Amino acid sequence: MNNNIYDVLIIGAGASGLMCASSLVREYPSIRVLVIDKNGKAGRKLLATGNGRCNFTNLNIASSCYNTDDVRKLTKILHSFNSKKIIDYFEKKLGVVADYKGDLVYPITYQSKTVADALEASCKGVRFLYNTEVTSVVKKDIGYFINGMYEAHNVVFACGGVSYPELGSNGSLYPIIRGLAGEDSIERLIPSLVPLKSSDKDIKALAGIRQECTVRLNGAAEKGEILFAEYGVSGICVMQLSGNYNRSIAAGKKAGFLSVDLLPSMDAKRKILKIEELMRAFPDRSPEDALSGLLKKPLASVVVGRSDGTPADIARIAGDFRINLIGSLGFENAQVTSGGLKLKKVNDGLELLNCPGIYVCGEALNVDGICGGYNLHWAWASALTVADSILEDMDGI
Ligand SMILES: Cc1cc2nc3c(=O)[nH]c(=O)nc-3n(C[C@H](O)[C@H](O)[C@H](O)COP(=O)(O)OP(=O)(O)OC[C@H]3O[C@@H](n4cnc5c(N)ncnc54)[C@H](O)[C@@H]3O)c2cc1C
C-alpha cells in the first residue's frame, strides 16, 4: 500500500483544520486523513485566542454579525451549526464543559489549551505532519497531488487568512486557491478587528489611559472601553468598527475621524451643568484640575486644551472628542481577515463549484465576524459542514 495516499488531506492544523479532522475520524474511524501545518505544533492561533482563554462561541450567533458575499449560504450553515450545537459538540464529543460571561462562551477552565488539547486528542488515527509548508496542489485524474508527494481524493484548505502571520496563516495559499477557483474568486483582503492609528499629537500624551465611552465612526456606534496608545486607539469598541473603516478606506473613502463621547452617561445639558458646577466650586484651580474628578487628568487636560475654556465648549468636546485616523495597525495586529475565497464560489457543502474534492473552511473564506466568539464559531461551523459534505460524498462511492 502507498503510505502517501489519503482520503482527505487537510492544510492547516488550526481551529478549523483540527475540527474537520476530529469530526471525520469520529464519524468514519477508518478514514485516512493527513493534516499538514507549517508550524511546529497544532493550534498556535487557537492558543492565543481570548487572551489565552478562548471565547469559542456566542449565544447570539446570527448572519448579521458577519461580513460576507453570500448571506444565504452563511445563514444556512449557521442555522445547521448554531451555538447550541457547537456547545453540545464541545461538551458531548470533546468533553469540554462550557461557561458563560453574558453571551460569551468559554471553556470552564478558561484556558485555550483545554480546547486545543481536546481537539487533538479526538483526532485518533489522523496523521499530523508539522514544519511542512504546502506549496502546490495539482489536479490528477482522480484527486489531487500535494507538494508533488502526497495524493488525496479530497483536499481541505483550512489555512486561515492573513491576520497575525507570526502565528502561521500568511495567505501564501490564496494564489493556489485562485488558480483552482478562478481569477475573480478572492474578495480583497482587509485587516479587521484591529487597532486604529491617529496622527493627532495630543493623543500621544494619553498613552495607557482607558476610558468607558461611546465611539462613533461612519454612522455606526459602539459602547465600551477605549484604550489610548502612542499610535492611536484600541479596545473592543474600536476594533468592532475597524473592519468597516478599513473596507471604506479600501473603497477610496477619506481617512475620517472617530467621534468619542467621553461622558456617555450624561446628555449634553448635564455635561455642561456638571462642568460649570465643578469650575465654580474650585475657582482657584486650573480647569483641568477642577475637572480631574470627572475625567482622568491627562484626558481633562487634552479636552480643556482643545476648547476655548468655557464650560459649554469643554462639554461639547467631551461629548464629541475627535480622533483623526490614518489607517490601522494592519494584518500583523488584526484578529481576523476580512475577504478571502468568495462563498459564491463554493456549494452549500463548501466544495469549490468548479473543482470537486477541493473544500475550504474557516478564515480562508470570505466570512468575518465581530468580536465575541463569532470567528471561532465560524471556524467550527464551516469545518463541520466540510466534514459532513466529504462523508456524504464518500457514502455515494
Ligand atoms: C490574538 C487573537 C485572538 C483571537 N481571539 C478570538 C476569540 O477569543 N474568539 C474568536 O471567535 N476568535 C478569535 N480570534 C480569531 C480566530 O482565532 C480565527 O478566526 C480562527 O483561529 C481561524 O481559524 P482557521 O482554522 O481558519 O485559521 P488558523 O487558526 O489561522 O489556522 C490556519 C493554519 O494553517 C496553517 N497554514 C497556513 N498556510 C499554510 C501552508 N501553506 N502550509 C501548511 N500550513 C499552513 C497555519 O500555520 C495555521 O496553523 C482571535 C485571533 C487572534 C489573532
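Residues numbered from 1 in each chain as written. Predicted model: local features only at pLDDT ≥ 70, side-chain atom pairs only at ≥ 80, totals over all residues. Heavy atoms only, no water.

## Focus: the overall build of the protein
Next, step 1: Within the protein, the regular secondary structure consists of 13 helices and 20 strands.
Next, step 2: Considering only C-alpha atoms, the protein reaches an extent of 90 × 45 × 35 Å along its principal axes.
Next, step 3: By residue count, 53% of the 397 residues in the protein fall in the buried class.
Next, step 4: Accessible surface computed for the protein: about 17,400 Å², of which carbon and sulfur atoms make up 51%.
Next, step 5: Taking the 45 positively charged and 43 negatively charged side chains of the protein as two groups, their mean positions are separated by 2 Å. (Helix = DSSP H or I, 4+ residues; strand = E, 2+ residues; numbered from the N terminus. Buried < 20%, exposed > 50% of the residue type's maximum accessible area, 1.4 Å probe, protein only. Areas by Shrake-Rupley, 256 points an atom, 1.4 Å probe, with all protein chains shown as cover. Lys, Arg positive; Asp, Glu negative; His and termini not counted. Charge placed at Lys NZ, Arg CZ, Asp CG, Glu CD.)

## Here we look at the sheet that holds strand β3 (residues 57–58)
Next, step 1: Ordered in space as β3-β6-β5, the 3 strands form an open sheet in which the pairing is antiparallel. Two strands lie at the open edges of the sheet, namely β3 and β5 (98–101), each paired on one side alone. (Pairing = 2+ DSSP bridges.)

## Observations regarding the pairing of strand β17 (residues 321–328)
Next, step 1: Inspection of the sheet shows strand β12 (residues 196–198) paired to β17 by 2 bridges, in the antiparallel sense. Residue pairing across strands places Ser-198 opposite Leu-325, the latter belonging to β17.
Next, step 2: One ladder, built from 4 bridges, connects strand β16 (residues 257–261) with β17; its direction is antiparallel. Across the sheet, Leu-258 pairs through a bridge with Ile-323, a residue of β17.

## Focus on helix α8 (residues 236–250)
Next, step 1: Helix length check: α8, at 15 residues, gives a terminal C-alpha distance of 22 Å against a target of 21 Å (1.5 Å per residue), a fit within 8%.
Next, step 2: Along its length, α8 shows its largest kink, about 35°, at Ser-242.
Next, step 3: For α8, the full list of buried residues reads Cys-237, Val-238, Met-239, Gln-240, Leu-241, Ser-242, Gly-243, Tyr-245, Asn-246 and Ser-248.
Next, step 4: In the stretch just after α8, Gly-252 is the one whose phi turns positive, near 100°. (Expected span 1.5 Å × (residues − 1). Bend = angle between axes of the 7 residues up to and from the residue.)

## What to know about the nonpolar core
Next, step 1: Core analysis: the biggest nonpolar cluster contains 90 residues, and Val-137, Phe-157 and Trp-380 have the highest contact counts within it.
Next, step 2: Of all the elements, helix α13 (residues 374–395) adds the most residues to this core, at 13 residues.
Next, step 3: The residues contacting Val-137, other than those within four sequence positions of it, are Ile-11, Tyr-144, Phe-145, Ile-146, Val-155, Phe-157, Ile-176, Leu-180 and Ile-358.
Next, step 4: One finds Cys-213, Ile-226, Val-302 and Ile-323 within the second-largest nonpolar core, a separate group that totals 36 residues. (Core = buried A, V, L, I, M, F, W, Y, C linked by side-chain atoms within 4.5 Å. Contact = heavy atoms within 4.5 Å.)

## Quick look at the site of the ligand
Next, step 1: The environment of the ligand is made up of 32 residues, and the closest members are Ser-16, Asp-37, Val-134, Glu-363 and Leu-376.
Next, step 2: In this structure, an oxygen atom belonging to the ligand sits 3.4 Å away from a main-chain N or O atom of Gly-373.
Next, step 3: Taking 1,000 Å² as the accessible area of the ligand by itself, protein coverage stands at 95%.
Next, step 4: Ranked by residues supplied to the shell around the ligand, first place goes to helix α2 (residues 44–52) with 4 residues.
Next, step 5: Grouping the constituent residues of the shell around the ligand by class yields 11 nonpolar, 16 polar and 5 charged. (Near = heavy atom within 4 Å. Polar contact = N/O pair within 3.5 Å; in protein donor to acceptor, adjacent residues only side chain to side chain. Nonpolar A, V, L, I, M, F, W, Y, C, P; charged D, E, K, R; others polar.)

## Thoughts on the packing of helix α3 (residues 71–80) against α13
Next, step 1: Contact pair α3 / α13: the axes reach a minimum separation of 9 Å and the direction vectors enclose 90°. Between α3 and α13, the angle is such that the two are roughly perpendicular. Across the interface between the two elements, Leu-74, Ile-77 and Leu-78 from α3 touch His-377, Trp-378, Ala-381, Ser-382 and Thr-385 from α13.
Next, step 2: Residues that form the contact of α3 with α13 fall into these classes: 5 nonpolar, 3 polar and no charged. (Axes fitted to C-alpha atoms, helices over the stretch in contact; angles between N-to-C directions. Parallel < 35°, antiparallel > 145°, perpendicular 65-115°, else oblique.)

## As for the pattern of salt bridges
Between side chains of opposite charge, a pair can form when the charged atoms approach closely.
Next, step 1: For the coordinates displayed, the defined rule picks out 18 salt bridges.
Next, step 2: Salt-bridge contacts for Asp-202 lead to Arg-306; the nearest nitrogen and oxygen are separated by 2.8 Å. In this pair, Asp-202 sits in helix α7 (residues 201–204) while Arg-306 sits in helix α11 (residues 297–306), placing the two residues 104 residues apart along the sequence.
Next, step 3: Residues joined by salt bridges that share partners form a network here, namely Arg-72, Lys-76 and Asp-348. (Salt bridge = Lys/Arg side-chain N within 4 Å of Asp/Glu carboxyl O.)

## Here we look at the domain arrangement of the protein
Next, step 1: Here the protein is partitioned into domain 1 (5–190 + 335–395) and domain 2 (196–328).
Next, step 2: Taking only C-alpha atoms, the centre of domain 1 and the centre of domain 2 are 39 Å apart.
Next, step 3: Contact with domain 1, which involves 8 residues of that partner, is made by 6 residues of domain 2.
Next, step 4: At the boundary of domain 1 with domain 2, total buried surface from both sides reaches about 600 Å², with 61% on carbon and sulfur atoms.
Next, step 5: Considering only the surface of domain 1 that becomes buried against domain 2, Arg-188, Ile-190 and Cys-371 emerge as the three largest contributors, covering 64% of it.
Next, step 6: On inspection of domain 1 and its partner domain 2, the count reaches 1 salt bridge.
Next, step 7: For Asp-368, the salt bridge identified is with Arg-247, shortest N-O distance 3.7 Å.
Next, step 8: At the junction of domain 1 with domain 2, the criterion picks out 3 residue pairs in polar contact (both at pLDDT 80 or more).
Next, step 9: The residue inventory of the side of domain 1 that touches domain 2, partitioned by class, reads 3 nonpolar, 3 polar and 2 charged. (Domains from an automatic or database assignment. Buried area = accessible area lost by both parts, 1.4 Å probe.)

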